[in-house]
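Each chain is listed here by its residues.
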Amino acid sequence: MRHVWRWFGPNDRVSIDDMMQTGVQGVVTALHHVQSGALWTPEEIAMRQGQIAAMKDGTPSGLKWEVVESLPVSEAIKTQSGDWRAHVENWIASMRNLKAAGIEVICYNFMPVLDWTRTDLAWRRPNGATCMRFDFTDFAAFDIHILKRAGAAEDFPEDIRDEAARRFAAMDEARREQLAGNVVFGLPGAAENFSLQDVRDLLDSYAPVTDEVLRRNFHDFLEQVAPVAQEIGVRLCCHPDDPPFGLLGLPRVMSTEADYAERLAAVDLSANGITLCSGSLGARPDNDLPGMMERFGARVHFLHLRNVRRDGDAIRGSFFEDEHLGGQTDMVALVASVLREEERRRKTGRADAAIPMRPDHGQDILDDIGRGGQPGYPAIGRLKGLAELRGVEAALTHRGTA
């Protein structure tokens, strides 16, 4: 695997200098200040590359921008409304500009409204560490009693509705505001910062968009962008839904193995690929991560390795971000599957035999606590996860058991 690190730009509390000390080989970033649907110009791309290339004292870092995460797919594209055609043209032009700058892997997602959803951004663990958590009952309290979405109550089982009502009644105004802020936090570093009214307006725009419509719109998007990517040598990799089940009455089309199989078959080109995120997919008990890596490996262009622990076996339920070798995904088996795929690629001469992998998320530990960094992206917690993953990789490689 090629070890890479997500960086949110110059305002990230984890600097290029910090990143150098982790020993990573490349950088994953994006132009977070550019609005969805707008063009990524060569000048803006070059500016970000320059920021990555130097440490604080001007010493060359030796690091390069290797993976884009994310080139946003606008809500207009997902709903095929407004200026969506112009947004697709800008997306393709941005992809060409990235390729011209030497960047060949682009991660994106097709999630409506929010890029990920958590109810707690700093949930305390028994050892004093903090992590992100999705609590299904707290989310119900938000959806039914804070957002007050029409029809929300019918989307939850009776026992969850009753407990959500009790929790909401016990919350003071500060806790209600905190919960709402956590849920709509979205993607760290994104240009958009949603208010509750923004969310309501976006939900209204999705009223005519069923699962079937969103799938069709996704396929239309792929039919326009994937052939260009194939032609110019760019690998596209769609990130799964996070969490991988329905929320806010919105459609979900990238939550299961069947979803991925359908998207890959819709435009059967090697450029149309996958970001295999073990944390997002692992929040569903019916997703077999090592098996998915075996079956889809040839189309996996990017890896997010993290682990979650579910509270139960329900498809829709609560979970928290566990340590990388904790949780309920067998990370050793998953890494072994990745290494087998890389060996298959080497034998066939693929130039992309080493799959870029970043240690995704991480618990805030030690000096991470109080640093005020991006939720889920601490320096030390991610470094701990990276060290553990490196250890698994080294052990499997040394023993030849991959």
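Above this note sits the structure.
Residues numbered from 1 in each chain as written. Predicted model: local features only at pLDDT ≥ 70, side-chain atom pairs only at ≥ 80, totals over all residues. Heavy atoms only, no water.

**Student:** Is there a simple way to think about the environment of Arg 200 in this case?
**Tutor:** Its place among the elements puts Arg 200 in helix α8 (residues 196–205). On the basis of relative accessibility, which here comes to 28%, the residue Arg 200 falls in the partly exposed class. Separated by 59 residues in sequence, Arg 200 and Asp 259 have C-alpha atoms that sit 27 Å apart. Discounting chain neighbours no more than four positions away, the residues touching Arg 200 are Ile 146 and Leu 147. (Helix = DSSP H or I, 4+ residues; strand = E, 2+ residues; numbered from the N terminus. Buried < 20%, exposed > 50% of the residue type's maximum accessible area, 1.4 Å probe, protein only. Contact = heavy atoms within 4.5 Å.)

**Student:** What should I look at first to understand the nonpolar core in this one?
**Tutor:** Soluble globular proteins tend to bury their nonpolar side chains together. Grouped together as the largest cluster of nonpolar side chains are 106 residues, with contacts concentrated most on Trp 40, Trp 91, Met 95, Phe 142, Phe 221 and Leu 276. For this core, the element with the most residues is helix α9 (residues 211–232), which contributes 10 residues. With 7 residues, the next largest nonpolar core counts Val 4, Val 105, Cys 237 and Phe 302 among its residues. (Core = buried A, V, L, I, M, F, W, Y, C linked by side-chain atoms within 4.5 Å.)

**Student:** Just to check I follow, could you spell out the layout of surface pockets for this structure?
**Tutor:** Taken as a whole, the second largest pocket encloses approximately 330 Å³ of empty space. Taken together, 19 residues line the second largest pocket, and the ones lying closest to its centre are Trp 65, Glu 66, Gly 102, Glu 104 and Arg 235. Every element with two or more residues in the lining of the second largest pocket is listed here: α2 (42–53) and β3 (65–69). Ranked by residue count, the leading element in the lining of the second largest pocket is β3, at 3 residues. Its residues assigned to classes, the lining of the second largest pocket shows 11 nonpolar, 2 polar and 6 charged. (1 Å grid on protein atoms, 1.4 Å probe; cavity = no way out; pocket = protein on both sides within 12 Å on 5 of 7 lines; lining within 4 Å. Points joined across faces, edges and corners; volume = space filled by probe spheres on them. Nonpolar A, V, L, I, M, F, W, Y, C, P; charged D, E, K, R; others polar.)

**Student:** Would you mind going over the packing of aromatic side chains with me for this structure?
**Tutor:** Describing an aromatic ring pair means giving the distance of the ring centres and the angle of the ring planes. A full pass over the atoms with the stated rule returns 18 aromatic pairs. With a centroid separation of 6.4 Å and an interplanar angle of 55°, the aromatic rings of Phe 139 and Phe 156 are classed as tilted. Separated by 17 residues along the polypeptide, Phe 139 in helix α5 (residues 136–146) and Phe 156 in the loop between α5 and α6 (158–170) bring together distant segments of the chain. With relative accessibility at 5%, the residue Phe 156 sits in the buried group. (Phe/Tyr/Trp six-rings, centres within 6.5 Å; stacked < 30°, edge-to-face > 60°.)

**Student:** Can you walk me through the sheet that holds strand β11 (residues 319–322) in this structure?
**Tutor:** Sheets are built from strands that pair by backbone hydrogen bonding, the pairs being arranged parallel or antiparallel. Sheet architecture is open: 4 strands sit in the order β5-β6-β11-β10, paired in antiparallel fashion. Edge strands, defined here as strands with exactly one partner in the open sheet, are β5 (120–124) and β10 (307–310). The average undirected angle you get between the axes of adjacent strands in this sheet is 40°. Relative to β11, strand β6 (residues 130–134) is paired through 2 bridges, and the arrangement is antiparallel. For Phe 134, the partnering residue across the bridge sits in β11 and is Phe 319. (Pairing = 2+ DSSP bridges. Axes fitted to C-alpha atoms, helices over the stretch in contact; angles between N-to-C directions.)

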